[in-house]
Amino acid sequence: MNPTPDSAPRPDDGLAQNAFRGGLLAQARDLPDPWRDALAAPHLQAILGKLDRMLEERLAQGAQIFPLRPFRALIEIPPEDVQVVIVGQDPYHGPNQAQGLAFSVPDFCPTPPSLRNMFKELALEYGEPAAPQRNSLVRWARQGALLLNTSLTVEAHKPASHARLGWEHITDALIMRVLREARPKVLLLWGSHAQARQALLDTQPAHGPVQILRANHPSPLSALRPPRPFIGCGHFQSANEWLRAHGETGIDWMLGKTTAAAPGYGG
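Residues numbered from 1 in each chain as written. Predicted model: local features only at pLDDT ≥ 70, side-chain atom pairs only at ≥ 80, totals over all residues. Heavy atoms only, no water.

Asks: What exactly am I supposed to notice about the sheet that holds strand E6 (residues 210-215) here?
Replies: Within a sheet, adjacent strands bond to each other through the backbone by hydrogen bonds, running parallel or antiparallel. Taken together, four strands build an open sheet; the order of strands is E3-E2-E5-E6 and the sheet is parallel. Edge positions in the sheet fall to strand E3 (145-149) and E6, since each of these pairs with one other strand and no more. Ignoring strand direction, the axes of neighbouring strands in this sheet form an average angle of 20°. Pairing analysis gives three bridges linking strand E2 (residues 84-88) to strand E5 (residues 185-190), with the strands arranged parallel. If you follow Ile86 over to E5, its bridge partner there is Leu188. Here helix H7 (residues 167-179) sits on the sheet and contacts E2, E3, E5 and E6; the angle it forms with E3, its principal contact strand, is near 160°. (Pairing = 2+ DSSP bridges. Helix = DSSP H or I, 4+ residues; strand = E, 2+ residues; numbered from the N terminus. Axes fitted to C-alpha atoms, helices over the stretch in contact; angles between N-to-C directions. Contact = heavy atoms within 4.5 Å.)

Below, the structure is given as structure tokens:
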């Protein structure tokens, strides 16, 4: 495939530390048992095999793919510890951004626009933070937030390039695995793409209480638009209030107002 203007290498691509290096099936086999078992069905294994071959082919053709660890979100939290599911679309497509956690980038990266709006919403709900929020959301994941994109890989500078190639079946299976836990949980569905995941509850009713909160995507293109503007949605506080009413701890969304370094691509 000849490079198009959108996919041609750029000067900063060679410096990307978070580029995928192959071995998707090996990464899937190394997942913690509950997540690996969630992907054990033959049709899901066939999809993973197809994705693995596609990724290897694109790497051989010179494409750069992000992130280094597509299943990073699953390594940070087991399904039984999930209190909140935040559904993203696909990883950031610029070098040194995607970590394998939806909306999250390393602290040394400039804050992406959607994440900036998430921090703006937090400031509205909790009062202006005394210091900037850290861009890495690993701290949320380790408290019980599953930060899951519906596509887990993307080619450099080509947003949504790996959408509709099979990833959605994989990530839907992972969300369904969370829904099988009896623990109360909140689904934060921002934008139409994430809100389509609500249909999973019709396929498999949840085993425990579930609260669904919907709003526009935090992207600047939609964050202030009707019918459900993201800015002013109150979802962070609402999620915690509901979780605590059901005996859970909730998420300390404001944890991380510090200049200390947070884990990067492999931490």
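That was the structure; now back to the text.
Asks: It is not clear to me how the environment of Asn135 should be interpreted in this structure. Could you clarify?
Replies: Take Asn135: it is sitting in the loop between helix H5 (113-126) and helix H6 (138-141). The sequence separation of Asn135 and Pro112 amounts to 23 residues, and the corresponding C-alpha distance is 8.7 Å. Every residue in contact with Asn135, bar those within four places of it in the chain, is listed here: Ser104, Val105, Pro106, Asp107, Cys109, Pro110, Thr111, Leu115 and Phe119.

Asks: Can you walk me through the nonpolar core in this structure?
Replies: Proteins that are soluble and globular tend to have nonpolar side chains buried together. Core analysis: the largest hydrophobic core is formed by 76 residues, its most contacted members being Trp140 and Leu146. Examining the composition of this core, we find that eight residues originate from one element, H7, more than from any other. In contact with Leu146, not counting residues within four places along its chain, are Trp35, Ala73, Leu74, Ile77, Val82, Val84, Val85, Ile86 and Val178. (Core = buried A, V, L, I, M, F, W, Y, C linked by side-chain atoms within 4.5 Å. Buried < 20%, exposed > 50% of the residue type's maximum accessible area, 1.4 Å probe, protein only.)

Asks: Just to check I follow, could you spell out the pattern of salt bridges for this structure?
Replies: When the charged atoms of two side chains lie near each other, side chains of opposite charge can form a pair. Within this structure, the stated rule accounts for ten salt bridges. One salt bridge connects Arg142 with Glu76, and the closest N-O pair in it is separated by 2.7 Å. Taken together, the positions of Arg142 in the loop between H6 and E3 and Glu76 in helix H4 (residues 72-76) put the pair 66 residues apart, joining distant regions of the chain. Residue class for Arg142 comes out partly exposed when judged on its relative accessible area of 49%. What makes Glu76 buried here is its relative accessible area of 14%. (Salt bridge = Lys/Arg side-chain N within 4 Å of Asp/Glu carboxyl O.)

Asks: How should the side chain of Glu125 be read in this particular structure?
Replies: Turning to its location among the elements, Glu125 is positioned in helix H5. We note that Glu125 is buried and unpaired, the nearest opposite charge coming from Arg244 at a distance of 10 Å. At 3.5 Å, the side chain of Glu125 forms a polar contact with the backbone nitrogen of Gly234. A polar atom in the side chain of Glu125 sits 3.3 Å from the backbone nitrogen of Phe236. With residues near it in sequence (within four places) discarded, Glu125 still touches Gly234, His235, Phe236 and Gln237. (Lys, Arg positive; Asp, Glu negative; His and termini not counted. Polar contact = N/O pair within 3.5 Å; in protein donor to acceptor, adjacent residues only side chain to side chain.)

Asks: When you look at the layout of surface pockets in this model, what are you seeing that I'm missing?
Replies: Left-over empty space is what a probe sized like a water molecule reveals as it rolls over the atoms. Estimates place the volume of the largest pocket at around 490 Å³. Lining the largest pocket are 28 residues, and of these Gln89, Asp90, Pro91, Tyr92 and His217 lie nearest its centre. Looking at the lining of the largest pocket residue by residue, the classes come out as twelve nonpolar, 14 polar and two charged. (1 Å grid on protein atoms, 1.4 Å probe; cavity = no way out; pocket = protein on both sides within 12 Å on 5 of 7 lines; lining within 4 Å. Points joined across faces, edges and corners; volume = space filled by probe spheres on them. Nonpolar A, V, L, I, M, F, W, Y, C, P; charged D, E, K, R; others polar.)

Asks: I keep staring at the pairing of E3 and nothing clicks. Help me out?
Replies: Where burial is concerned, most of E3 is hidden: five out of the five residues are buried. Residues Ala145, Leu147 and Asn149 of E3 are buried on one face, and the alternating residues Leu146 and Leu148, pointing to the opposite face, are buried as well. The pairing of E2 with E3 spans five bridges and is classified as parallel. Bridged to Val85 within E3 is Leu146.

Asks: Would you explain helix H3 (residues 42-60) in this entry?
Replies: Note on helix geometry: an α-helix contains 3.6 residues per turn, so any two residues three or four positions apart are oriented the same way. Given a rise of 1.5 Å per residue, 19 residues ought to cover 27 Å, and the 27 Å separating the end C-alpha atoms of H3 matches this to within 8%. Along H3, the residues classified as buried are Leu44, Ile47, Leu48, Gly49, Leu51, Asp52, Leu55 and Arg58. For H3, the secondary structure elements touched by its buried residues are helix H1 (24-29), helix H2 (33-38), strand E1 (65-66), strand E4 (154-155) and H7. Directly after H3, the chain includes Gly62, whose backbone phi takes a positive value near 95°. (Expected span 1.5 Å × (residues − 1).)

Asks: I'm lost on the packing of H3 against H7 in this one. Help?
Replies: A packed helix pair is summarised by two numbers, namely the angle formed by the two axes and the spacing between the axes. Running from amino to carboxyl end, H3 crosses H7 at an angle of 135°, the nearest separation of the two axes being 9 Å. As summarised for this structure, H3 and H7 are arranged oblique, according to the angle between their axes. Note that H3 runs across H7; the crossing there is left-handed. Of the residues in H7, those touching H3 at Leu44, Ile47, Leu48 and Leu51 are Trp167, His169, Ile170 and Ala173. (Parallel < 35°, antiparallel > 145°, perpendicular 65-115°, else oblique. Left-handed = near helix turned anticlockwise from the far one by under 90°.)

Coordinates in, geometry out; function isn't part of it.
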